[in-house]
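Examining the three-dimensional arrangement
Letter by letter, the chains look like this.
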Amino acid sequence: ELWYLLHFIGYSTAFINRVSLNEQLTNHLGKNYLKGDEDIFELLQSQGNELSAISLAERLYTSAHAENQDRAPLRNPSTEVYILIKRINELGNQ
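Residues numbered from 1 in each chain as written. Predicted model: local features only at pLDDT ≥ 70, side-chain atom pairs only at ≥ 80, totals over all residues. Heavy atoms only, no water.

What to know about the side chain of H7
To keep things clear, this is the line we draw: For the purposes of this entry, the term helix denotes a DSSP run of H or I that reaches at least four residues, the term strand denotes a run of E that reaches at least two, and both are numbered from the N terminus. Exposed residues in this analysis have more than 50% of their type's maximum accessible area, buried residues have under 20%, and partly exposed residues fall in between, with area computed by a 1.4 Å probe over protein chains only. What qualifies as a polar contact is a pair of N or O atoms within 3.5 Å, subject to a donor-acceptor requirement within protein and to the restriction that residues adjacent in sequence count only when both atoms come from side chains. We call two residues in contact whenever any of their non-hydrogen atoms come within 4.5 Å of each other.
Relative to the helices and strands, H7 is located in the loop between helix 1 (2–5) and helix 2 (18–29). A relative accessible area of 5% places H7 in the buried class. One polar contact links the side chain of H7 to the main-chain carbonyl oxygen of W3, over a distance of 2.9 Å. Non-local contacts of H7, meaning those with residues more than four positions away in its chain, are made with L44, G48, N49, E50 and A53.

Section: the confidence of the model for the protein chain
Heads up, the condition is: The quantity called pLDDT is the predictor's confidence in a given residue, expressed from 0 to 100.
Of all residues in the protein chain, 84% attain a pLDDT of 70 or more, and the chain-wide mean is 84. The least confident element of the protein chain, judged by mean pLDDT, is helix 4 (residues 50–67) at 86; the most confident is helix 3 (residues 40–47) at 93.

A short note on the pattern of salt bridges
The test is simple: We define a salt bridge as a side-chain nitrogen of Lys or Arg found within 4 Å of a carboxyl oxygen belonging to Asp or Glu.
What the rule picks out here adds up to five salt bridges. The salt bridge involving K31 is made with D37; its shortest N-O contact spans 2.8 Å. What you see here is one network of salt bridges that share partners, running through E1, R18 and K35.

A closer look at the nonpolar core
Generally speaking, a soluble globular protein has its nonpolar side chains buried in company with each other. Condition: Side-chain atoms within 4.5 Å link the members of a nonpolar core, which is a set of buried Ala, Val, Leu, Ile, Met, Phe, Trp, Tyr and Cys residues.
Ranked by internal contacts, the top residues of the largest apolar core, which has 20 residues, are W3, L6, L21, L25 and L29. Elements supplying a minimum of two residues to this core: helix 1, helix 2, helix 3, helix 4 and helix 5 (81–92). With five residues, helix 4 is the single largest residue contributor to this core. Those residues within four positions of L29 in sequence are excluded, and the remaining contacts are F8, I40, L43 and Q47.

The following block contains the structure:
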């Protein structure tokens, strides 16, 4: 869900919880967010910003890992989905 939210807003993840994240997704999507929603890809493509999500995810990941390199449980949440998405986009452009 963090990856989805990054399509809409930059987010400091230090104090995020699942309920808050789901509420924010519901607000941005304009409909009740349900895990496993079959329409999520289309909604993110039409309403969100994938390039922004990639950039924000890279920053979160870099920041989380730089601050607590040896203490993974203390890291702020981040996502590595951006790595997969960038690779898929590269392959699609070949």
